[in-house]
Amino acid sequence: EPEVTQTPSHQVTQMGQEVILRCVPISNHLYFYWYRQILGQKVEFLVSFYNNEISEKSEIFDDQFSVERPDGSNFTLKIRSTKLEDSAMYFCASKEAGTGKYGYTFGSGTRLTVV
Amino acid sequence: AQTVTQSQPEMSVQEAETVTLSCTYDTSESDYYLFWYKQPPSRQMILVIRQEAYKQQNATENRFSVNFQKAAKSFSLKISDSQLGDAAMYFCAYLTGTYKYIFGTGTRLKVLA
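Here we come to the interface of chain B and chain A. Taken together, the 21 residues of chain B in the interface contact 24 residues of chain A. Summed over both partners, the interface of chain B with chain A buries about 2000 Å², with 55% contributed by carbon and sulfur atoms. For the pair chain B and chain A, the number of links is one salt bridge. With a closest N to O distance of 2.9 Å, B:Lys100 and A:Glu56 form a salt bridge. Where chain B packs against chain A, one counts seven residue pairs in polar contact (both at pLDDT 80 or more). A total of four residues in the side of chain B that touches chain A trace back to one element, the largest contributor, which is strand β5 (residues 33-39) of chain B. In terms of residue class, the side of chain B that touches chain A is made up of eleven nonpolar, six polar and four charged.

Laid out in structure tokens, this is it:
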């Protein structure tokens, strides 16, 4: 079964450093998403991306965040200057064209720890 | 704006017994999709079951079924013949018209041997 692949599985970074979280969506999917889950809390939407531009973003997705699809396969989330409160699990997801009745396919997540 | 509420932070069930996890939501849309996701300790998000709002028939997937009450905006998950591997965090989710998930706060399910 096709998978969404996220790398790395765990990243530790110093506060103030830039991090890039990488995702390889399913090849024929056209819609891409990032979600965040702070430990012990619910999963929250960050951003959706379609046709090489952001479709929707949440209040969490401020100027320190950016997304990019640098080539035909990768989808990245960059956090420019990390804060302690950015420590969380970050999930990438992708969806094929058409209705949302089947939901998304989520990746297994990247655990980001900011120290 | 849509909201999703899971009022049970934690539930316990004996192995082989049945448990129901509650979820309510609020929306002004008439057509939408609802989902239950399982998150084991690995923290991966695993789709358990989905329901299309315009379908009156409740969805079932093997031991998992839902009780969808559209008028009451209720979407509960029933797990029959509970197994140790069912122990996880369960999230109810609403898919918006822009294909964004709104998740509930989750219910931690413990399965007792």
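Next, the rest of the story.
So, on to the nonpolar core. One finds B:Tyr25, B:Trp36, B:Phe75, B:Leu77, B:Tyr90 and B:Leu109 to be the most contacted residues of the largest nonpolar core, which totals 26 residues. At the level of secondary structure, the elements contributing two or more residues to this core comprise β3 (19-21), β5, β6 (46-52), β8 (64-69), β9 (74-79), β10 (88-95) and β12 (107-112) of chain B. If sequence neighbours within four positions are ignored, B:Leu109 has contacts with B:Met11, B:Val13, B:Val19, B:Leu21, B:Ile79, B:Asp86, B:Ala87, B:Ala88 and B:Tyr90. A:Val19, A:Cys23, A:Phe32 and A:Val47 belong to the second-largest nonpolar core, a separate cluster that totals 21 residues.

So, on to the pairing of strand β3 (residues 19-24) of chain A. All names here are of chain A. Covered by surrounding structure in β3 are Val19, Leu21 and Cys23 only, the residues Ile20, Arg22 and Val24 on the alternate face being uncovered. Relative to β3, strand β1 (residues 5-7) runs antiparallel, the two being bridged by three bridges. Paired with glutamine 6 across the bridge in β3 is cysteine 23. Sheet analysis places β3 next to strand β8 (residues 75-79), joined by five bridges and oriented antiparallel. The partner of cysteine 23 across the bridge, within β8, is phenylalanine 75.

All right, on to the state of the cysteines then. Counted under the stated rule, the structure contains two disulfides over all chains. Disulfide partner of A:Cys23: A:Cys92, at an S-S distance of 2.0 Å. Negative torsions about the S-S bond denote left-handed disulfides, and the value of about -65 degrees found for A:Cys23 with A:Cys92 makes this one left-handed. In this pair, A:Cys23 sits in strand β3 while A:Cys92 sits in strand β9 (residues 88-95), placing the two residues 69 residues apart along the sequence. A residue is classified by how much of its surface remains accessible, and A:Cys23, at 0% relative accessible area, is buried. In this model B:Cys23 forms its disulfide with B:Cys92; the gap between the sulfur atoms is 2.0 Å. Where B:Cys23 bonds to B:Cys92 through sulfur, the torsion about that S-S bond is close to -70 degrees, and the disulfide is left-handed. Residue B:Cys23 is located in the loop between β3 and β4 (24-26), and its partner B:Cys92 is located in strand β10; the two are separated by 69 residues in the primary sequence. Taken individually, B:Cys23 and B:Cys92 each receive the classification buried, so the pair is uniform in this respect.

In this section: the layout of surface pockets. Empty space among the atoms becomes visible once a probe the size of a water molecule is rolled across them. Roughly 510 Å³ of volume is contained in the largest pocket. Together, 24 residues line the largest pocket, and A:Glu1, A:Pro2, A:Tyr104, A:Thr105 and A:Phe106 are the ones closest to its centre. For the lining of the largest pocket, the secondary-structure elements that each account for two or more residues are β9 and β10 (105-106) of chain A together with β6 of chain B.

All right, on to the packing of aromatic side chains then. This model, assessed by the stated rule, comprises 29 aromatic pairs over all chains. Ring geometry for A:Tyr33 versus A:Tyr104: centroids 4.1 Å apart, planes at 20 degrees, classification stacked. A residue pair is termed long-range when its members are at least 10 positions apart, and A:Tyr33 in strand β4 (residues 31-37) and A:Tyr104 in the loop between β9 and β10 qualify at 71 residues. Here A:Tyr33 and A:Tyr104 have matching classes, each one buried. Relative to B:Tyr32, the ring of B:Tyr25 has its centre 5.4 Å away and its plane inclined at 65 degrees; by these criteria the two rings are edge-to-face. With respect to burial, B:Tyr25 and B:Tyr32 carry one shared label: buried. For A:Lys95, the ring lying beneath its charged end belongs to A:Tyr31, and the centroid distance is 4.5 Å.

Rules of the game
- Residues numbered from 1 in each chain as written.
- Chains lettered and ligands numbered in written order.
- Predicted model: local features only at pLDDT ≥ 70, side-chain atom pairs only at ≥ 80, totals over all residues.
- Heavy atoms only, no water.
- Contact = heavy atoms within 4.5 Å.
- Buried area = accessible area lost by both parts, 1.4 Å probe.
- Salt bridge = Lys/Arg side-chain N within 4 Å of Asp/Glu carboxyl O.
- Polar contact = N/O pair within 3.5 Å; in protein donor to acceptor, adjacent residues only side chain to side chain.
- Helix = DSSP H or I, 4+ residues; strand = E, 2+ residues; numbered from the N terminus.
- Nonpolar A, V, L, I, M, F, W, Y, C, P; charged D, E, K, R; others polar.
- Core = buried A, V, L, I, M, F, W, Y, C linked by side-chain atoms within 4.5 Å.
- Buried < 20%, exposed > 50% of the residue type's maximum accessible area, 1.4 Å probe, protein only.
- Pairing = 2+ DSSP bridges.
- Disulfide = S-S within 2.5 Å.
- 1 Å grid on protein atoms, 1.4 Å probe; cavity = no way out; pocket = protein on both sides within 12 Å on 5 of 7 lines; lining within 4 Å.
- Points joined across faces, edges and corners; volume = space filled by probe spheres on them.
- Phe/Tyr/Trp six-rings, centres within 6.5 Å; stacked < 30°, edge-to-face > 60°.
- Lys NZ or Arg CZ within 6 Å of the ring centre and 35° of its normal.

What is shown is where atoms sit, not what they do.
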